Amino acid sequence: MGVGGAHDGSRNGHRPTARYSAFALFTRGLRKSPWPRAWRAHDLRPSYDVVIVGGGVHGLATAYYLAANHGITDVAVLDKGYIGSGGSGRNTAIVRSNYLTPEGVRFYDRSVKLYERLSADLNFNVMFSQRGHLTLAHNDSSLRTMRWRAEVNKLEGVDSEVISPEDIKRLVPYMDTSASARYPILGALHHPPGGTIRHDAVVWGYARGADAHGVHIHQGTEVTGIQVARDRVTAVRTTRGDIATPVVVNCTAGWSTLISDMVGVRTPVATFPLQAAVTEPVKPFLDTVVVSGSLHVYVSQTDRGELVFGASVDPFTSYSMRGSLEFIEELAGHVLALMPSLSKVRLLRQWAGLCDMTPDYSPIMGPTPVEGFYLDVGWGTYGFKAGPVSGESMAELIATTKTPEIIATFDLARFADGRLVGEKGAASVGH
Amino acid sequence: MSLTAVAAPMRLDAQPGEVIERGRPLSFRWNGAPRVGFAGDTIASALAASGVRVFSRSFKYHRPRGLLSASYHDPGCMLQVDDEPNVRGAHRRLRDGMDVASQNTWPSLRFDVRAANQLVGRFIGAGFYYKTFMKPQVLLPAYQSVLKRFSAGGRTSPDDPRDYYDKRYAHPDVVVAGAGPAGITAALAAAESGAQVLLVEEEHDLGGHLRWGGTEDLARLHQLRDLIAAQPAIEVMTNSVVVGRYDGNWLAIVQRELPHACERLVKARAKVLVVAAGLIERPYVFQGNDVPGVMLSTAVRRLINLHAVRPGHRAVVLSANPEGDAAAEDLARIGVEVRRVLDVRRGEDLVAARGGGGVRSVQCHDGARIDCDLVVTAAGWTAPTSLLNMAGDKPVYVAEAARFLPSRLPDDVLPTGGIAGTGDTDALIAHARATGAEAARRAAGRGEAVRIPALPAGRHPEHFIGRTHGMVDFSEDVSSKDLLSAAREGYDSVELVKRYTTVTMGPVQGKLETVNAVAVLSRATGRTIGETGTTVWRPPYAPVTLGALAGRILEPVRYSPMQRWHEAHGATPLVAGAWIRPDRYGDPAQEVRNVRERVGIIDVTPLGKLDLRGPDVPRLLNLLYVNKWSKLDVGRVRYGVMCAEDGVVLDDGVTGRLGEDRYLMSTTSSGAATVWEWVEGWLQTERPDWQVHVIPMTTGYASMNVAGPRSRELLQRVTEGVDLDPEAFPYMHVREGRVAGVDDCFMWRIGFTGELSYEIHAPAMYGLHVWETLLDVGDDLGIKPFGVEAQRIMRLEKGHAIVGQDTDGLTQAFGAGIDWAIKLDKDDFAGKPELVWQRDRDDYFVLVGLQPEDGSVVPPEASQIVEGRNVIVGRVTSSRMSPTLGRSICLGFVAPHLRAAGTRVTVQLPDGRRITARVTEQHAHVDPEGVRMRG
Ligand SMILES: Cc1cc2nc3c(=O)[nH]c(=O)nc-3n(C[C@H](O)[C@H](O)[C@H](O)COP(=O)(O)OP(=O)(O)OC[C@H]3O[C@@H](n4cnc5c(N)ncnc54)[C@H](O)[C@@H]3O)c2cc1C
């Protein structure tokens with residue numbers, strides 16, 4: 001069922017936003033006049049055309065594109081905490097498109113393209129820094145996987161190539177590329193368009209953009225149940241009251257099975273914690289993102305000078321978001337194996353987030369057997385970069401009820417039909 | 001005037017509690033200029049004694065910064081010391097010859113060009129960077145370089161050496177975090193009750209605030225120290241911090257500046273953790289609160305009493321508590337002119353401090369303006385609840401006490417001292433004494449519970465923010481104004497405001513600023529401090545070097561017993577996971593020819609080997625392999641393929657039956673660890689009733705493969721007790737016997753290389769002997785060693801797939817082209833349901849043999865097989881030039897419509913060229929019938 005016809009799409013109304021610009025910063029600074037709220041708080045309405053559960057990048061992007069591209073503005077985004085409190089505010093913000101399957105490469109490449117113009121589209125600087133992305137190979141089998149990825153990427157028109165240890169040393173002078181290293185570096189997949197982004201800014205930018213189109217963002221609003229009548233979604237129950245709606249979109253990542261369970265849709269998703277850590281700032285020296293699959297570690301440096309580290313998921317399922325000591329010990333060891341001269345740099349903070357892992361490391365997107373209940377889940381350790389393309393495609397799907405080509409292979413039915421989209425080789429460490 | 005007086009104009013005469021050793025002067029450099037200090041000085045106290053007031057420039061606005069707390073967590077003096085960045089200058093003890101520099105300055109601390117940022121401050125408030133540089137994307141590098149200039153950290157260099165670090169494990173009954181009077185007392189009480197205690201103190205000496213107190217405090221300090229020294233059950237660690245509390249009271253403790261290592265991580269499994277971390281004095285938020293010369297009362301007392309440094313000449317003191325009053329007294333005692341004490345308890349207040357490089361005057365609530373060079377604030381205390389939070393506590397805010405107090409803790413964590421409540425020293429000590437005794441009791445798990453007296457919350461004015469705006473986060477340069485405007489823009493919960501303004505995210509980790517930030521936010525939103533709540537405190541409590549966390553890298557390299565021989569014979573090493581193996585000794589093609597024509601020997605020790613015993617081994621094998629195992633006679637071996645439960649090929653190898661209930665399973669070298677876990681996983685969780693005992697034997701045997709038409713002849717010369725006649729010891733059999741005089745060797749006849757070959761497993765300690773003997777004895781037969789590369793060529797000639805190379809994370813068994821091995825009529829086996837289902841489909845890529853039409857071209861591995869412009873229909877997984885055939889050969893995946901033998905496919909080479917290859921009849925390119933290996 002399509003949306004938008006039932007209600008007057010302009011019920012919420014646009015509102016003029018205060019445009020951000022250097023000039024506006026200047027004049028407001030002079031006049032000392034404060035900025036308006038980036039997004040507003042509202043009372044809960046008794047009904048919405050579309051209810052999106054989860055105020056992470058996926059939920060907010062979907063809301064934004066529903067409003068901006070399709071004029072569907074009677075939309076509520078619900079989050080049990082604050083927006084970005086899930087994976088979207090905890091990730092290490094790596095954006096890239098050097099995946100392994102043609103479907104994956106095409107999909108993530110579209111997201112990179114959207115990210116490239118997102119600051120301008122949203123009038124919010126999301127600091128997408130395409131500083132380049134290196135995936136190191138420490139043995140011939142990972143070198144082979146890098147070559148594989150490079151070949152698939154090239155065929156899909158994505159810039160990736162395998163480079164030599166000498167080239168790596170040029171890009172990252174701190175790297176120990178000597179043959180005597182414990183895990184010598186044999187080469188790397190270099191992906192120049194990859195990089196990092198300011199994850200919170202993406203969340204806030206989408207929230208502000210959606211709000212400007214009239215979308216309601218409800219923080220501190222937890223979904224506790226979903227009503228289904230004759231295999232159709234009819235309402236959502238929340239801690240702040242019930243909402244009648246024909247469309248519910250599950251954008252809750254690490255918590256997604258709890259929401260899917262509410263309507264009895266089974267998904268092959270399991271939630272695993274993923275940890276990360278950051279150091280004190282040191283003077284910038286690292287211009288690229290560096291990933292080592294064999295050492296289970298990746299590193300980037302923020303513009304502020306902090307080193308951001310991540311790894312692969314914890315080896316057990318859990319909803320706990322606490323860090324462990326083993327994690328930072330192993331992480332530090334592996335960082336020093338790559339860059340031995342950093343031994344005096346201090347680790348400042350560690351944390352964890354939840355990842356909704358699928359068997360093939362690809363997402364699950366699309367309609368379900370319950371009419372009006374849509375999935376945008378299975379984002380695992382890699383879903384932040386997919387925010388824009390997912391929002392765009394989910395919005396199109398909801399507005400037109402036709403599944404866009406670019407997400408067709410990510411349907412739930414693939415697990416029953418044996419059409420997995422295997423991305424483990426490209427996504428298990430370097431998110 | 002004496003020389004030291006010139007060099008140290010702010011140094012006081014001897015103070016009763018001073019920790020400096022005046023007889024041990026030290027010299028060091030500060031931004032290039034020579035300076036002096038004493039042993040016992042911190043870098044900052046020595047500098048302050050020499051008259052330095054400005055230690056750094058702030059992160060964003062490059063405002064001059066002086067001392068604030070004069071403790072480890074002082075945001076104003078992060079310094080570069082030699083090659084070490086971000087050294088806490090107010091904590092690190094001075095050493096002779098140190099080269100100390102300020103960090104965030106250019107070109108110099110005094111004239112910092114970027115201080116111009118202050119002028120544009122109102123335009124670059126909270127979140128300004130989100131509001132500009134939005135387009136076009138090409139300008140982005142410009143904004144990045146602007147941001148990078150804000151980076152405040154110290155320097156590293158790619159040439160910095162990696163220092164020595166080590167770790168220690170400790171198993172104390174009780175760990176006491178913090179050695180102020182309460183911590184010391186708790187430690188003593190616990191020890192007296194029979195516990196082994198580890199007492200951990202962040203500062204260089206025990207005693208907490210007693211150290212900078214008056215005569216009475218000092219007397220008590222010495223008494224407590226004497227008691228500790230006399231108590232053998234207490235181990236003391238100073239200059240050490242409990243940085244993390246993880247599940248099961250697994251504690252991370254970092255020791256700093258040991259003689260042999262700059263930091264050490266101690267991992268302690270404590271039965272009980274006593275948190276006696278005291279209280280941290282918090283800054284007061286008012287205009288100019290970050291001007292050098294504005295200090296906390298504890299900073300002033302430390303400078304005077306510990307380091308004999310005069311903090312200023314004319315002071316104004318803002319006091320909300322007795323500690324503030326004591327600071328005023330200290331100042332008066334050393335002759336500082338205390339021009340006014342503003343007593344918060346009487347409604348008096350500070351409005352603003354003025355000055356650039358140092359404070360020059362203050363403005364008071366009554367309009368009075370007082371000239372001064374020192375402003376001291378004693379506005380209240382923050383409980384460092386970090387360790388409690390890590391233990392699951394959610395501290396509650398108590399308004400009358402203007403602080404957070406612990407609420408609910410697990411049984412193995414007990415708070416005491418200032419963090420637990422308020423009281424005079426006697427009350428705190430009584431609490432600590434009971435807590436220590438109770439900790440010991442809980443650690444012992446017996447005895448009668450000790451009643452811990454309740455500590456009152458106490459009274460303290462709620463005095464966080466003044467009537468003007470001031471700095472909240474000194475390390476991040478976030479002011480109360482920034483927090484207000486962020487809240488107004490909608491970033492109005494603690495977590496959002498933290499992320500938007502970066503308040504609490506700097507190197508001080510929120511210790512000084514969190515509660516003030518919450519106070520500002522609660523005022524902005526009209527909620528109470530309790531309702532607003534704090535951000536989540538995340539480990540570590542204090543920063544830890546990567547070196548200490550890493551420790552020594554304990555990832556041993558594995559070598560076979562024959563490694564020395566390989567090195568001596570010029571082998572090129574190959575890193576294969578944990579192992580280093582010979583890749584080749586010379587030309588691999590030559591090595592191949594030697595095997596095919598004469599005989600070669602390869603070291604295959606890394607092959608995984610599991611010794612399986614027990615009556616249920618056949619059931620286990622049937623469960624784990626896709627093929628059948630019930631009827632394997634003693635003396636036979638069989639090749640098997642394992643799948644994971646999703647039907648994806650996991651590993652392969654041969655398993656032999658050595659005796660009635662005794663089997664040896666071999667796995668791929670890279671799969672050895674995984675398969676062991678896999679086997680144990682099934683036995684321990686799914687089939688605990690089966691009688692199978694598993695012993696990993698990989699390194700227990702030295703393994704070598706002797707391959708080639710003359711291998712039998714060679715072995716006949718050195719083998720005893722085994723009839724090598726092909727009738728008696730045919731292909732796919734195993735025998736035990738004596739080889740080269742070594743008993744308990746066994747050999748199996750298998751053929752990864754496709755030649756007649758014997759794989760010999762000799763007890764590891766005799767490996768080198770067996771190896772050398774075979775090479776000696778086989779000299780006239782032309783024996784030569786061969787490496788991994790030659791083996792890979794031969795296995796490709798023979799069409800043997802390598803799991804992980806010729807299969808990938810999605811290759812189910814039918815896709816690997818081993819249909820013959822999959823026995824779907826077996827009751828059950830791992831992956832069966834998926835394979836049953838795969839059998840009925842034909843939509844998967846299949847592994848096939850491929851030969852380029854132009855046999856001189858070797859398509860690199862990972863070359864894609866394409867149709868049309870860019871549709872991917874397969875890829876080359878293995879490719880080599882075959883020395884035996886003199887042409888290129890490959891294995892590769894192809895889409896189902898291309899799998900028939902003879903199909904021509906297009907291979908796109910990495911350089912963009914396209915070639916044609918033909919799908920072969922079978923995987924094997926050489927001797928597909930297997931005549932040679934069966935010979
Ligand atoms: C440490 C870490 C590092 C990562 N690194 C990267 C990376 O470098 N690159 C990358 O692309 N991806 C990375 N990821 C993955 C990425 O963060 C996630 O895939 C992505 O953020 C998912 O976004 P989302 O919007 O779907 O979900 P989330 O951002 O998790 O949002 C889900 C929201 O749902 C809300 N919610 C849950 N249940 C309910 C309920 N019942 N009612 C209302 N609201 C509810 C939650 O509060 C939450 O805010 C990383 C993840 C982690 C944890």
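Residues numbered from 1 in each chain as written. Chains lettered and ligands numbered in written order. Predicted model: local features only at pLDDT ≥ 70, side-chain atom pairs only at ≥ 80, totals over all residues. Heavy atoms only, no water.

Draft legend 1. Layout of the overall build of chain B. The helix and strand inventory of chain B stands at 23 helices and 50 strands. In terms of overall dimensions, chain B is more spread out than a globule: its C-alpha atoms have a radius of gyration of 37 Å, far above the 30 Å expected for 935 residues. With respect to the three principal axes, the spread of C-alpha positions in chain B is 110 × 70 × 55 Å. Looking at chain B residue by residue over its 935 residues, the buried ones come to 64%. In chain B, 66% of the contacts between residues at least 6 apart in sequence involve partners at least 24 apart. As presented, chain B carries roughly 35100 Å² of accessible surface, and 51% of it is formed by carbon and sulfur atoms. Considering chain B, the positive charge centre built from 109 side chains and the negative charge centre built from 113 side chains are found 5 Å apart. (Helix = DSSP H or I, 4+ residues; strand = E, 2+ residues; numbered from the N terminus. Rg over C-alpha atoms; globule rule 2.2 N^0.38 Å. Buried < 20%, exposed > 50% of the residue type's maximum accessible area, 1.4 Å probe, protein only. Contact = heavy atoms within 4.5 Å. Areas by Shrake-Rupley, 256 points an atom, 1.4 Å probe, with all protein chains shown as cover. Lys, Arg positive; Asp, Glu negative; His and termini not counted. Charge placed at Lys NZ, Arg CZ, Asp CG, Glu CD.)

Draft legend 2. Geometry of the pattern of salt bridges. For the coordinates displayed, the defined rule picks out 85 salt bridges over all chains. Linking Asp417(A) and Arg419(A) is a salt bridge whose minimum nitrogen-to-oxygen distance equals 3.2 Å. Notably, a salt bridge pairs Arg333(B) with Asp330(B), separated by 3.5 Å at the nearest N-O pair. Of the two residues, Arg333(B) and Asp330(B) both sit in helix H7 (residues 322–333), 3 residues apart, roughly one turn of that helix. Classification of Arg333(B) as partly exposed rests on a relative accessible area of 45%. Several salt bridges converge on common partners, so that one network encompasses Asp140(A), Arg144(A), Glu789(B), Arg792(B), Glu861(B) and Arg880(B). (Salt bridge = Lys/Arg side-chain N within 4 Å of Asp/Glu carboxyl O.)

Draft legend 3. Broad picture of unusual backbone geometry. In this model, Pro539(B) is joined to Pro540(B) through a cis peptide bond whose omega is -5 degrees. One can find Pro540(B) in the loop between helix H13 (529–532) and strand S30 (544–545). Although it is not a glycine, Ala93(A) adopts a positive phi angle of roughly 60 degrees. As for its position among the elements, Ala93(A) is in the loop between strand S2 (75–78) and strand S3 (94–95). Residue class for Ala93(A) comes out buried when judged on its relative accessible area of 6%. Here the phi dihedral of Ala253(A) falls at roughly 40 degrees; this positive angle occurs in a residue that is not glycine. Counting through the fold element by element, Ala253(A) comes out in the loop between strand S12 (247–250) and helix H8 (256–263). Judged by its relative accessible area of 23%, Ala253(A) is partly exposed.

Draft legend 4. View of the interface of chain B and chain A. With 104 residues of chain B at the contact, the number on the chain A side is 93 residues. For the pair chain B and chain A, the two sides together bury roughly 8600 Å², of which 55% comes from carbon and sulfur. As a salt-bridge pair, Glu329(A) and Lys167(B) come within 2.6 Å of each other at their nearest N and O atoms. Considering each element in turn, the side of chain B that touches chain A owes the most residues, 5 residues, to helix H3 (residues 140–149) of chain B. Residues that form the side of chain B that touches chain A fall into these classes: 47 nonpolar, 26 polar and 31 charged. As paired strands, strand S17 (residues 346–357) of chain A and S30(B) are joined by 2 bridges and run antiparallel to one another. Across the sheet, the residue bridging to Arg346(A) is Thr545(B), located in S30(B). (Buried area = accessible area lost by both parts, 1.4 Å probe. Nonpolar A, V, L, I, M, F, W, Y, C, P; charged D, E, K, R; others polar. Pairing = 2+ DSSP bridges.)

Draft legend 5. Spotlight on the sheet that holds strand S19 (residues 337–343) of chain B. Residues and elements named next belong to chain B. Within the open sheet, the 4 strands sit side by side as S17-S23-S18-S19. Their pairing is parallel. Edge positions in the open sheet fall to strand S17 (294–296) and S19, since each of these has one partner strand only. This sheet shows a mean twist of 20 degrees between the axes of neighbouring strands, independent of strand direction. As paired strands, strand S18 (residues 314–319) and strand S23 (residues 374–378) are joined by 5 bridges and run parallel to one another. Its bridge partner being in S23, Ser-319 is matched across the sheet by Ala-378. Here H7 sits on the sheet in contact with S18, S19 and S23, set at roughly 165 degrees to S18. (Axes fitted to C-alpha atoms, helices over the stretch in contact; angles between N-to-C directions.)

Draft legend 6. Expanded view of the nonpolar core. Counting 110 residues, the largest nonpolar core has Trp204(A) and Tyr206(A) as the members making the most contacts within it. If you tally residues by element for this core, the top one is helix H2 (residues 57–70) of chain A, at 8 residues. Ignoring sequence-local partners within four residues, the contact set of Tyr206(A) consists of Val57(A), Leu60(A), Ala61(A), Tyr64(A), Tyr65(A), Leu118(A), Leu122(A) and Pro388(A). By size, the runner-up hydrophobic cluster in this structure holds 76 residues, among which are Ala188(A), Val345(A), Leu512(B) and Val544(B). (Core = buried A, V, L, I, M, F, W, Y, C linked by side-chain atoms within 4.5 Å.)

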